[in-house]
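Now for the letters of each chain:
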Amino acid sequence: MPHDNTISAIALNDGAVTITWADDTVSTLSAQYLRVNCACAECVEEWTNRKLLDPATVPTNLQAEDYLMVGKYAVQFLWSDGHYTGIYPFDMLRSLVDRQAASG
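Strand order in this open sheet of 3 strands is 4-5-6, and the pairing throughout is antiparallel. Taken across any chain shown, the strands that pair with only one partner, and hence form the sheet edges, are strand 4 (64-70) and strand 6 (87-89). Ignoring which end each strand starts from, the neighbouring axes of this sheet average 30° apart. Here strand 5 (residues 74-79) runs beside strand 6; their pairing, made up of 3 bridges, is antiparallel.

This is how it looks when you write it as C-alpha coordinates:
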(Lines give C-alpha, C1' and ligand atoms only; values in the text may rest on other atoms or scores of the structure.)
Protein backbone atom coordinates (compact mmCIF):
# COMPACT_ATOMS: atom_id res chain seq x y z
CA MET A 1 0.00 0.00 0.00
CA PRO A 2 1.53 3.35 -0.96
CA HIS A 3 2.27 5.96 1.66
CA ASP A 4 0.44 9.27 1.89
CA ASN A 5 3.41 11.61 1.51
CA THR A 6 1.57 14.65 2.84
CA ILE A 7 2.97 16.09 6.07
CA SER A 8 0.49 17.06 8.76
CA ALA A 9 2.98 18.19 11.46
CA ILE A 10 6.69 18.73 12.10
CA ALA A 11 8.42 18.92 15.47
CA LEU A 12 12.02 20.04 15.90
CA ASN A 13 13.63 18.10 18.72
CA ASP A 14 17.12 17.96 20.16
CA GLY A 15 19.10 17.02 17.03
CA ALA A 16 16.12 15.45 15.28
CA VAL A 17 13.12 16.25 13.15
CA THR A 18 9.90 14.37 13.82
CA ILE A 19 7.39 14.25 10.99
CA THR A 20 3.76 13.23 11.33
CA TRP A 21 2.38 12.16 7.98
CA ALA A 22 -1.25 12.47 6.89
CA ASP A 23 -1.59 8.68 7.23
CA ASP A 24 -0.70 9.10 10.97
CA THR A 25 2.73 7.50 10.56
CA VAL A 26 5.34 9.25 12.71
CA SER A 27 8.96 9.35 11.50
CA THR A 28 12.04 10.74 13.21
CA LEU A 29 15.17 11.65 11.28
CA SER A 30 18.38 13.04 12.70
CA ALA A 31 19.13 16.61 11.71
CA GLN A 32 22.59 15.52 10.61
CA TYR A 33 21.15 12.82 8.31
CA LEU A 34 18.79 15.32 6.71
CA ARG A 35 21.51 17.93 6.27
CA VAL A 36 23.93 15.41 4.71
CA ASN A 37 21.19 14.49 2.23
CA CYS A 38 20.45 18.06 1.19
CA ALA A 39 20.09 18.19 -2.59
CA CYS A 40 20.38 21.95 -3.15
CA ALA A 41 22.84 23.42 -5.68
CA GLU A 42 25.30 24.21 -2.87
CA CYS A 43 25.38 20.57 -1.81
CA VAL A 44 24.96 18.70 -5.11
CA GLU A 45 26.33 19.68 -8.51
CA GLU A 46 23.31 20.27 -10.71
CA TRP A 47 24.60 18.81 -13.98
CA THR A 48 26.45 15.74 -12.73
CA ASN A 49 24.57 15.11 -9.46
CA ARG A 50 27.99 14.85 -7.76
CA LYS A 51 27.84 15.52 -4.03
CA LEU A 52 29.67 18.72 -3.09
CA LEU A 53 28.96 18.54 0.64
CA ASP A 54 31.53 16.56 2.61
CA PRO A 55 29.51 14.72 5.29
CA ALA A 56 32.49 15.00 7.65
CA THR A 57 31.96 18.77 7.74
CA VAL A 58 28.41 18.50 9.10
CA PRO A 59 28.48 18.82 12.91
CA THR A 60 27.22 15.82 14.85
CA ASN A 61 25.31 18.20 17.14
CA LEU A 62 23.52 19.94 14.25
CA GLN A 63 20.06 21.31 15.01
CA ALA A 64 17.13 22.24 12.83
CA GLU A 65 16.42 25.69 14.25
CA ASP A 66 13.32 26.45 12.20
CA TYR A 67 11.47 25.44 9.06
CA LEU A 68 9.15 26.83 6.42
CA MET A 69 6.53 24.96 4.46
CA VAL A 70 7.12 25.44 0.73
CA GLY A 71 3.73 25.32 -0.88
CA LYS A 72 1.98 22.01 -0.32
CA TYR A 73 4.91 19.85 -1.39
CA ALA A 74 8.13 20.61 0.53
CA VAL A 75 9.89 21.86 3.65
CA GLN A 76 12.86 24.20 3.94
CA PHE A 77 14.94 23.95 7.12
CA LEU A 78 17.20 26.50 8.79
CA TRP A 79 20.15 24.52 10.12
CA SER A 80 22.35 25.57 13.02
CA ASP A 81 25.37 25.53 10.66
CA GLY A 82 23.76 28.46 8.78
CA HIS A 83 22.63 26.43 5.76
CA TYR A 84 19.12 27.23 4.59
CA THR A 85 18.90 26.80 0.80
CA GLY A 86 17.81 23.15 0.70
CA ILE A 87 14.22 22.32 -0.11
CA TYR A 88 13.04 18.86 0.91
CA PRO A 89 10.01 17.71 -1.10
CA PHE A 90 7.67 15.48 0.90
CA ASP A 91 8.40 12.54 -1.43
CA MET A 92 12.14 12.97 -0.79
CA LEU A 93 11.61 13.06 2.98
CA ARG A 94 9.52 9.90 2.86
CA SER A 95 12.21 8.26 0.74
CA LEU A 96 14.87 9.25 3.32
CA VAL A 97 12.70 7.72 6.06
CA ASP A 98 12.36 4.48 4.09
CA ARG A 99 16.09 4.41 3.28
CA GLN A 100 17.03 5.03 6.93
CA ALA A 101 14.69 2.23 8.05
CA ALA A 102 16.18 -0.17 5.50
CA SER A 103 19.75 0.57 6.60
CA GLY A 104 19.11 0.55 10.30
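A separate point is the sheet that holds strand 2 (residues 16-21). In spatial order, the strands read 1-2-3; together these 3 strands make up an open sheet with antiparallel pairing. What marks the edges here is a single partner per strand, and that holds for strand 1 (7-13) and strand 3 (26-30). Taken pair by pair, the neighbouring strands of this sheet meet at an average axis angle of 20°, ignoring direction. Here strand 2 pairs with strand 3 via 5 bridges, running antiparallel. Bridged to V17 within strand 3 is L29. Lying on the sheet, helix 2 (residues 90-103) is in contact with strand 1, strand 2 and strand 3; it crosses strand 3 at an angle near 80°.

All right, on to the packing of aromatic side chains then. Centre-to-centre distance and the angle between the planes together describe a pair of aromatic rings. Applying the stated criterion across every chain, the model contains 3 aromatic pairs. Ring geometry for W79 and Y88: centres 6.4 Å apart, planes at 75°, overall edge-to-face. Summarising the burial analysis for this pair, W79 and Y88 share the class buried. Feature note: the residues F77, W79 and Y88 constitute an aromatic cluster, connected by ring pairs. One Lys or Arg, R94, reaches over the ring of W21 and ends 4.5 Å from the middle of that ring.

Cut-offs applied
- Residues numbered from 1 in each chain as written.
- Predicted model: local features only at pLDDT ≥ 70, side-chain atom pairs only at ≥ 80, totals over all residues.
- Heavy atoms only, no water.
- Pairing = 2+ DSSP bridges.
- Helix = DSSP H or I, 4+ residues; strand = E, 2+ residues; numbered from the N terminus.
- Axes fitted to C-alpha atoms, helices over the stretch in contact; angles between N-to-C directions.
- Contact = heavy atoms within 4.5 Å.
- Phe/Tyr/Trp six-rings, centres within 6.5 Å; stacked < 30°, edge-to-face > 60°.
- Buried < 20%, exposed > 50% of the residue type's maximum accessible area, 1.4 Å probe, protein only.
- Lys NZ or Arg CZ within 6 Å of the ring centre and 35° of its normal.

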